[in-house]
Amino acid sequence: MARNEATVHSTTTQDRIDRIRELLPEIAQIGDDNLRTIVESIWEQVWRESDWQELGDIPKNPSAPAAPQRVENAWTLITHTRAVAQLSATSAETIKTLHGIDYDRDSLVALALLHDVSKVVEYVGTKDSIAKGHLGKLIQHGVYSAFLMWQHGLSTEMVHGVIAHTPSSRILPQTHEALIVRYTDFLDTDSMLMDAGEELYLS
Ligand SMILES: [Fe+2]
């Protein structure tokens, strides 16, 4: 990205990685060392390339700040990411136990943790007000995540999962992991939208 150098934060890469691990403890559930490192690296890169000083401040979407805040950090991008990771893991385990449909737990958790990572550079603003920035206006949601995932050598199936998680895409999920992330993303998002009295994704 052209503005990398101009927006580099004063903190070090390791500081950012430490903060990412703190904010997203679900990363530790990824057993494969290489995959876990890639997830951390992608989060670190988008954060470095963004103007956000604190990752935990980024709202989940532009309507999020107006939503009820009964729980600390509700409606943030980080909390939504954690919710999708946890919901994905438990949903896949239930389906495996009751229907015998197997899944790759590391891929599923990594996919859930990365599905919205490009929002860090797609949105600009403050904790109380965000809007799509230049990249968010010009590039479809998730495409930059896919680009970074490919750069880090992740599989086409993993990239597919990110591309297929959003209704912005014409591609529907074609792997079990992608399907679960799409539904749990909708579940968490629509739970928040219903709570706020807003129109559901489902509609
Ligand atoms: Fe999401």
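Residues numbered from 1 in each chain as written. Predicted model: local features only at pLDDT ≥ 70, side-chain atom pairs only at ≥ 80, totals over all residues. Heavy atoms only, no water.

Trainee: Requested: an account of the coordination of the iron ion, with residues and values cited.
Mentor: Octahedral metal centres with six donors ideally show angles of 90 or 180 degrees, and tetrahedral centres with four donors ideally show 109.5 degrees. In the first shell of the iron ion, the protein supplies His 80 (NE2), His 115 (NE2), Asp 116 (OD) and Asp 185 (OD), at 2.1 to 2.2 Å from the metal. Classification of the site at the iron ion as irregular follows from its four donor atoms and the range of 77 to 166° in their angles at the metal. Linear spacing of the donor residues for the iron ion on their chain is H-x34-H-D-x68-D. This pair shows no difference in class: His 115 is buried, exactly as Asp 116 is. (Donors = N, O, S within 2.8 Å, 3.2 Å for Na, K, Ca; no water. Tetrahedral: all angles 85-135°; square planar, octahedral: opposite > 155°, others 65-115°. Buried < 20%, exposed > 50% of the residue type's maximum accessible area, 1.4 Å probe, protein only.)

Trainee: Describe the nonpolar core, listing the residues and the values that go with them.
Mentor: Grouped together as the largest cluster of nonpolar side chains are 44 residues, with contacts concentrated most on Val 39, Trp 43, Leu 55, Leu 113, Leu 114, Val 120 and Met 149. Excluding its chain neighbours within four sequence positions, the residues that come into contact with Leu 113 are Leu 24, Glu 26, Ile 27, Ile 30, Val 39, Trp 43, Thr 81 and Ala 85. If you look at the next biggest cluster of nonpolar residues, it comprises six residues, including Ala 64, Trp 75, Met 192 and Leu 193. (Core = buried A, V, L, I, M, F, W, Y, C linked by side-chain atoms within 4.5 Å. Contact = heavy atoms within 4.5 Å.)

Trainee: Talk me through the packing of helix 5 (residues 105-114) against helix 10 (residues 176-195); I want residue IDs and the actual numbers.
Mentor: It is the contact of helix 5 with helix 10, at a shortest axis distance of 9 Å, that shows an interaxial angle of 40°. Considered as vectors, helix 5 and helix 10 are oriented oblique to each other. The handedness of the crossing between helix 5 and helix 10 is right-handed. Two secondary-structure elements touch here, helix 5 through Leu 108, Leu 111 and Ala 112 and helix 10 through Glu 177, Ala 178, Ile 180 and Val 181. Here the contact of helix 5 with helix 10 is composed, by residue class, of six nonpolar, no polar and one charged. (Axes fitted to C-alpha atoms, helices over the stretch in contact; angles between N-to-C directions. Helix = DSSP H or I, 4+ residues; strand = E, 2+ residues; numbered from the N terminus. Parallel < 35°, antiparallel > 145°, perpendicular 65-115°, else oblique. Left-handed = near helix turned anticlockwise from the far one by under 90°. Nonpolar A, V, L, I, M, F, W, Y, C, P; charged D, E, K, R; others polar.)

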